[in-house]
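# Residue-level structure breakdown
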Amino acid sequence: MNTSKRVDPANRIIIGSSILTFSFISIILNGSVIVALAHSWSSFRKQPFTQFVLSMIIAGTIYTIVNFFVSIPCSFNYCPYLQDDTLLMIMSLPNTLSFAAYLLANFGFAIYRTCIVFDLLRHCLRIVQMITLYLPWILAIYTVIDTTSRGCIKRFNRWSVGYTYNCSSCNVWFGVSFIDVNFCAGQVLPILMCIMYGVMIANIYWKKAHNNGKSKRFQALDVKLAFQYLLVCLIQYLASFLFYIVPKIGNGSLIALIAMNIIGVIDMGLNPLILLIFNARIRFSTALLFQFIPCLRVKQANLVTVTVVIKRSTY
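Basis of the calculations
- Residues numbered from 1 in each chain as written.
- Predicted model: local features only at pLDDT ≥ 70, side-chain atom pairs only at ≥ 80, totals over all residues.
- Heavy atoms only, no water.
- Helix = DSSP H or I, 4+ residues; strand = E, 2+ residues; numbered from the N terminus.
- Buried < 20%, exposed > 50% of the residue type's maximum accessible area, 1.4 Å probe, protein only.
- Contact = heavy atoms within 4.5 Å.
- Disulfide = S-S within 2.5 Å.
- Axes fitted to C-alpha atoms, helices over the stretch in contact; angles between N-to-C directions.
- Parallel < 35°, antiparallel > 145°, perpendicular 65-115°, else oblique.
- Nonpolar A, V, L, I, M, F, W, Y, C, P; charged D, E, K, R; others polar.
- Polar contact = N/O pair within 3.5 Å; in protein donor to acceptor, adjacent residues only side chain to side chain.
- Salt bridge = Lys/Arg side-chain N within 4 Å of Asp/Glu carboxyl O.
- Patch = residues over 30% accessible without salt bridge, like charges linked within 9 Å, V, L, I, M, F, W, Y side chains within 5 Å.
- Areas by Shrake-Rupley, 256 points an atom, 1.4 Å probe, with all protein chains shown as cover.
- UniProt positions renumbered as here; feature names shortened; annotations may be inferred.
- Phe/Tyr/Trp six-rings, centres within 6.5 Å; stacked < 30°, edge-to-face > 60°.
- Lys NZ or Arg CZ within 6 Å of the ring centre and 35° of its normal.
- Expected span 1.5 Å × (residues − 1).
- Bend = angle between axes of the 7 residues up to and from the residue.

Note that Thr61 resides in helix α3 (residues 48-69). Residue class for Thr61 comes out buried when judged on its relative accessible area of 13%. For Thr61, the residues in contact, after removing those within four places along its chain, are Ile27, Asn30 and Ile34.

Structure below.
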């Protein structure tokens with residue numbers, strides 16, 4: 001082990017505290033959305049939008065939970081219970097799995113929404129939904145199994161405080177290194193999604209201007225959802241870009257190490273935050289869970305009205 005890369009103990013406390021703080025916030029946000037969906041599942045389960053949301057939120061939760069067993073204790077105290085590197089590698093695998101699942105699930109939802117907005121594959125839309133909902137997880141699991149079997153093993157380096165691969169030049173597909181695959185996927189897919197949502201928004205406004213007969217309420221929901229996930233994709237692209245550019249310009253500085261460890265966590269936490277801000281159904285279902293807090297109580301009469309209005313909304 002290269003001890004020259006060891007981080008100063010005082011800095012380790014700052015880094016560990018930063019990861020802990022942002023991970024805790026992310027878990028609260030993701031957990032709130034999951035519990036809210038489960039609490040009102042009878043009204044949510046028939047909405048394809050909700051199923052995609054749940055897929056992305058579960059991926060974000062797994063990604064964040066790993067920090068509490070790996071990066072946080074390894075930052076504070078070298079995670080002494082993980083002295084065996086093999087065990088450390090095994091516990092780091094969900095980090096790769098959840099990141100790939102989150103990115104691909106987001107992309108799958110963009111494809112599904114494109115079919116909705118542009119009225120594509122209308123006769124087999126249910127099949128498109130199933131493919132774009134479950135294929136991301138299948139591909140993510142395959143990626144982890146395949147790359148691990150090829151020796152591209154990811155682990156958290158307790159000394160330099162950051163995730164590293166066992167072999168940075170490991171070629172996985174068509175002679176391309178896994179590091180390059182990660183970089184391209186993290187950059188290209190969010191850009192493609194941003195373009196897709198931008199085209200969706202332009203198409204919706206074009207249809208509105210030419211009065212194609214679609215209700216204004218439905219058009220407003222389409223635009224709102226497209227703007228919502230355009231923002232999610234922009235943040236995802238920024239997080240991926242910073243993840244790769246920060247180490248190059250940071251040169252091992254404290255700020256760079258903190259950024260490297262919290263960028264992904266912030267990305268996973270902003271998705272549920274955006275949902276809570278923009279989506280009335282999820283926001284009110286979450287509020288119902290905290291009725292015991294005076295400031296979040298909603299009068300029963302208003303709740304009935306809100307429920308009726310929400311149930312008429314479709315995504």
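Tallied over the entire structure, the rule returns one disulfide. The disulfide bridge from Cys74 ends at Cys79, spanning 1.8 Å between sulfur atoms. Across the S-S bond linking Cys74 and Cys79, the dihedral sits near 85°, which makes this disulfide right-handed. By relative accessible area, Cys74 is classed as buried at 0%. Not part of a disulfide, Cys194 finds its nearest cysteine sulfur in Cys233, a span of 5.1 Å. Owing to a relative accessible area of 0%, Cys233 belongs among the buried residues under this scheme.

To continue, consider the packing of helix α1 (residues 9-39) against helix α9 (residues 254-278). The contact between α1 and α9 brings their axes to 8 Å, and the two run at 10°. The angle between α1 and α9 places the two elements in the roughly parallel class. Every residue of α9 that contacts α1 at Asn11, Ile14, Ile15, Ser18, Ile19, Phe22, Ser23, Ser26, Leu29, Asn30 and Val33 is listed here: Leu254, Leu257, Ile258, Asn261, Ile262, Val265, Ile266, Met268, Gly269, Pro272, Leu273 and Leu276. Taken together, the residues that form the contact of α1 with α9 break down as 16 nonpolar, seven polar and no charged.

A few words now on the side chain of Ser98. Here Ser98 is to be found in helix α5 (residues 85-117). Overall, Ser98 belongs to the buried group, its relative accessible area being 0%. A distance of 3.2 Å separates a polar atom in the side chain of Ser98 from the backbone oxygen of Asn95. When sequence neighbours within four positions are dropped, the list of residues in contact with Ser98 reads Ala59, Ile62 and Tyr63.

This paragraph deals with the pattern of salt bridges. On inspection of all chains with the given rule, the structure shows two salt bridges. Salt-bridge contacts for Arg122 lead to Asp119; the nearest nitrogen and oxygen are separated by 2.2 Å. Exposure remark for Arg122: the relative accessible area of 53% places this residue in the exposed category.

What follows deals with a nonpolar patch on the surface. A contiguous nonpolar patch, built from Ile13, Leu20, Phe24, Ile25, Ile28, Ile65, Phe68, Phe69, Phe76 and Tyr81 and spanning about 910 Å² of accessible area, is present on the exposed surface. By residue number, the principal contributor to the nonpolar patch is α1, which donates five residues.

Our next topic: the UniProt feature "transmembrane region" (unreviewed entry) in the protein. In this structure's numbering, the residues bearing the UniProt feature "transmembrane region" (unreviewed entry) are residues 12-37, 49-70, 90-112, 124-145, 188-206, 227-246 and 252-278. For residues 124-145, helix accounts for 95% and strand for 0%, while the C-alpha atoms at its two ends are 31 Å apart.

Okay, unusual backbone geometry next. Of note in the backbone geometry, Tyr78 takes a positive phi value of approximately 60° without being a glycine. Following the sequence through the fold, Tyr78 ends up in the loop between α4 (71-77) and α5. By relative accessible area, which is 22% here, Tyr78 ends up partly exposed. The phi dihedral of Cys79 falls on the positive side, at around 35°, and the residue is not glycine. Looking at the element boundaries, Cys79 is found in the loop between α4 and α5.

Per the counting criterion, the structure on display carries nine aromatic pairs. On the numbers, 5.1 Å between centres and 45° between planes, the contact of Tyr78 with Trp159 is tilted. With Tyr78 in the loop between α4 and α5 and Trp159 in the loop between β1 (154-157) and β2 (162-165), this residue pair connects regions lying 81 residues apart in the sequence. Trp159 gets classed as buried once you look at its relative accessible area, which sits at 16%. Three or more aromatic residues joined by ring pairs make a cluster, and in this case those are Phe49, Phe52, Phe109, Tyr112, Tyr197 and Tyr229. The residue whose ring lies beneath Lys154 is Tyr163, and the NZ or CZ to ring-centre distance is 4.9 Å.

What follows deals with helix α6 (residues 125-149). Helical geometry: 3.6 residues make up each α-helical turn, so side chains three or four residues apart lie on a common side. If you check α6, its first and last C-alpha atoms are 36 Å apart, about what 25 residues at 1.5 Å a residue would give, namely 36 Å. At Leu135, α6 is deflected by roughly 30°, the largest bend along its length, and proline Pro136 occurs up to four residues later in sequence. Where α6 is buried, its residues contact α3, α5, β3 (171-173) and α7 (178-209). Following α6 by one or two positions, Gly151 has its phi on the positive side, about 95°.

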